[in-house]
Amino acid sequence: MTRNPIICAIDTTDVSQAKTLADQLAGHVGAIKLGLEFFTANGAEGVHLLANRNLPIFLDLKFHDIPNTVAKAIKATAGIDTFMMTVHTAGGRAMLDAAIDASMEVADMTGKERPLVVGVTVLTSLDQEDLSMLGMRDALQDQVKRLAELAQISGLDGVVCSPYEISLLRRQCGQDFTLVVPGIRPEGSETGDQKRVLTPKEALDKGADYLVIGRPITGAKHPQQAVTEIAKTLKL
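Just so you know, these numbers come straight off a predicted model, no measurement behind them.

Caption draft 1: Inspection of the pairing of strand E8 (residues 210-213) at higher detail. Taking every second residue as pointing to the same face, both faces of E8 are buried, with Tyr210 and Val212 on one and Leu211 and Ile213 on the other. Inspection of the sheet shows strand E1 (residues 6-9) paired to E8 by three bridges, in the parallel sense. Its bridge partner lying in E8, Cys8 is registered against Ile213. In this structure, strand E7 (residues 178-181) lies alongside E8, joined through two bridges in parallel fashion. Following the sheet pairing, Val180 is matched in E8 by Tyr210.

Caption draft 2: Highlighting the packing of helix H6 (residues 140-153) against helix H7 (residues 166-173). Direction vectors running N to C along H6 and H7 enclose 40°, while the axes themselves pass 10 Å from each other. One way to sum up the angle between H6 and H7 is to call them oblique. Like other packed secondary-structure pairs, H6 and H7 cross with a definite hand, here right-handed. In this structure, H6 contributes Gln141, Val144, Lys145, Ala148, Glu149 and Gln152 to the contact, and H7 contributes Leu168, Leu169, Gln172 and Cys173. A per-class count over the contact of H6 with H7 returns five nonpolar, three polar and two charged.

Caption draft 3: Representation of the sheet that holds strand E5 (residues 116-120) in the model. Ordered by their spatial adjacency, eight strands build a closed barrel running E1-E2-E3-E4-E5-E6-E7-E8, and the pairing between neighbours is parallel. Each strand of the sheet is rotated relative to its neighbour by a mean of 25°, with strand direction disregarded. Where strand E4 (residues 84-88) and E5 come together, five bridges link them in parallel fashion. When the sheet's bridge partners are listed, His88 is paired in E5 with Val120.

About the criteria used
- Residues numbered from 1 in each chain as written.
- Predicted model: local features only at pLDDT ≥ 70, side-chain atom pairs only at ≥ 80, totals over all residues.
- Heavy atoms only, no water.
- Buried < 20%, exposed > 50% of the residue type's maximum accessible area, 1.4 Å probe, protein only.
- Helix = DSSP H or I, 4+ residues; strand = E, 2+ residues; numbered from the N terminus.
- Pairing = 2+ DSSP bridges.
- Axes fitted to C-alpha atoms, helices over the stretch in contact; angles between N-to-C directions.
- Parallel < 35°, antiparallel > 145°, perpendicular 65-115°, else oblique.
- Left-handed = near helix turned anticlockwise from the far one by under 90°.
- Contact = heavy atoms within 4.5 Å.
- Nonpolar A, V, L, I, M, F, W, Y, C, P; charged D, E, K, R; others polar.

Coordinates in, geometry out; function isn't part of it.
Written out as structure tokens, the structure reads:
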């Protein structure tokens with residue numbers, strides 16, 4: 001597990017660009033996040049190219065399928081050296097149980113520490129109106145609480161939540177439950193398609209364990225300098 005809370009989301013299909021960013025950020029961020037965009041274009045081979053750069057990999061593929069399929073997908077990551085991965089908590093108890101069991105098998109196969117499995121609650125691109133359109137009548141925060149409780153009783157290591165739910169989930173789930181928080185925007189940054197955002201310091205002060213930051217770093221003229229400025233606000 002990395003101690004630096006800053007995880008940089010490298011959202012690109014270009015391996016060369018991703019490698020350059022990883023080289024620039026090594027030693028400055030705690031990990032890099034590779035998601036669907038990168039993985040769909042480059043697969044496990046692309047992840048391997050970045051895993052050799054002394055940076056922990058957060059594989060954010062948000063697995064959501066029947067339990068057997070999710071378990072097999074997680075076991076298939078055994079050759080990809082990742083420290084954390086995501087599943088959709090809405091996949092249900094059986095799927096979450098299967099995900100944890102599979103992560104233990106990954107540890108057995110690799111002889112390395114079990115990768116953390118965290119559950120996505122409600123995407124930060126969604127708000128109350130979006131949930132209503134999906135037929136969910138409960139308040140957004142109640143939905144997040146319910147999914148976080150399911151994740152915890154299923155043995156997941158933590159959840160992905162918006163900055164607005166950090167305090168709520170820290171009280172509900174305790175200090176040992178990992179909170180991974182996207183929707184982080186340094187002061188003055190554009191929010192883009194994120195609807196529930198806070199600054200890095202605000203999120204860390206509320207109890208976030210990991211801060212997922214993408215475009216404010218990767219879109220900066222000098223990414224390393226952008227991280228340095230963020231780290232200063234966090235007093236890292």
